[in-house]
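Per-entry structural report
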Amino acid sequence: MRALAHSPEETEAAGRQLASTLGSGSVVCLYGGLGAGKTVFVKGMASALGIDPRDIISASFTIIAEYDSSPPLYHADLYRLGEGEDLEALGLYDYMDSEGITVIEWAERLPEAEAEGAVRVKINIVSEDTREIIIDVDE
């Protein structure tokens, strides 16, 4: 699926739409540069799960944030990871193997094999106000 979002609200709506199709155990990998709208997309996903979008902030300083919803939402941000950082020691793989929905920002820092089976969302900056959102579901 490919869509253009012309505002943060439309990016958030795309996140809501995707989350409404996901079930327990889903993993969503987000790709895109700084300011592309990854966290805004996660706010939309959270909203679809009954979480106040204002509670969603970049998880950069905590690496993984947990939100109480049904299913639970786990929001990981790999931006600040150091080279060769042990993702298993961080517990990321435990979240990915759980019954929650795990969404990972900066998923390009995740080994490719670990992202197999995940929903991949690439957000490209087209202009100051426009984002291209490409959603690819591994079969």
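Below: a short report on this structure. In this text, all values refer to a predicted model and were calculated from it rather than measured experimentally.

The rules behind the values
- Residues numbered from 1 in each chain as written.
- Predicted model: local features only at pLDDT ≥ 70, side-chain atom pairs only at ≥ 80, totals over all residues.
- Heavy atoms only, no water.
- Buried < 20%, exposed > 50% of the residue type's maximum accessible area, 1.4 Å probe, protein only.
- Helix = DSSP H or I, 4+ residues; strand = E, 2+ residues; numbered from the N terminus.
- Patch = residues over 30% accessible without salt bridge, like charges linked within 9 Å, V, L, I, M, F, W, Y side chains within 5 Å.
- Areas by Shrake-Rupley, 256 points an atom, 1.4 Å probe, with all protein chains shown as cover.
- Salt bridge = Lys/Arg side-chain N within 4 Å of Asp/Glu carboxyl O.
- Lys, Arg positive; Asp, Glu negative; His and termini not counted.
- Charge placed at Lys NZ, Arg CZ, Asp CG, Glu CD.
- Contact = heavy atoms within 4.5 Å.

What follows concerns helix α2 (residues 38-48). Those residues of α2 that sit buried are Lys 38, Thr 39, Phe 41, Val 42, Gly 44, Met 45 and Ala 46. Following α2 by one or two positions, Gly 50 has its phi on the positive side, about 85 degrees.

On to a negative patch on the surface. Among the surface-exposed residues, Asp 86, Glu 88, Asp 94, Asp 97, Glu 114 and Glu 116 lie close enough to one another that they form a single negatively charged patch. Its location among the elements puts Asp 97 in the loop between α4 (92-96) and β5 (101-105). Note on Asp 97: relative accessible area 65%, which makes it exposed.

To continue, consider the environment of Glu 12. Within the element layout of this structure, Glu 12 appears in helix α1 (residues 8-19). Expressed as a C-alpha distance, the spacing of Glu 12 and Arg 131, which sit 119 residues apart in the sequence, is 11 Å. When neighbours within four sequence positions are excluded, Glu 12 is seen to be in contact with Val 40, Lys 43, Gly 44 and Pro 53.

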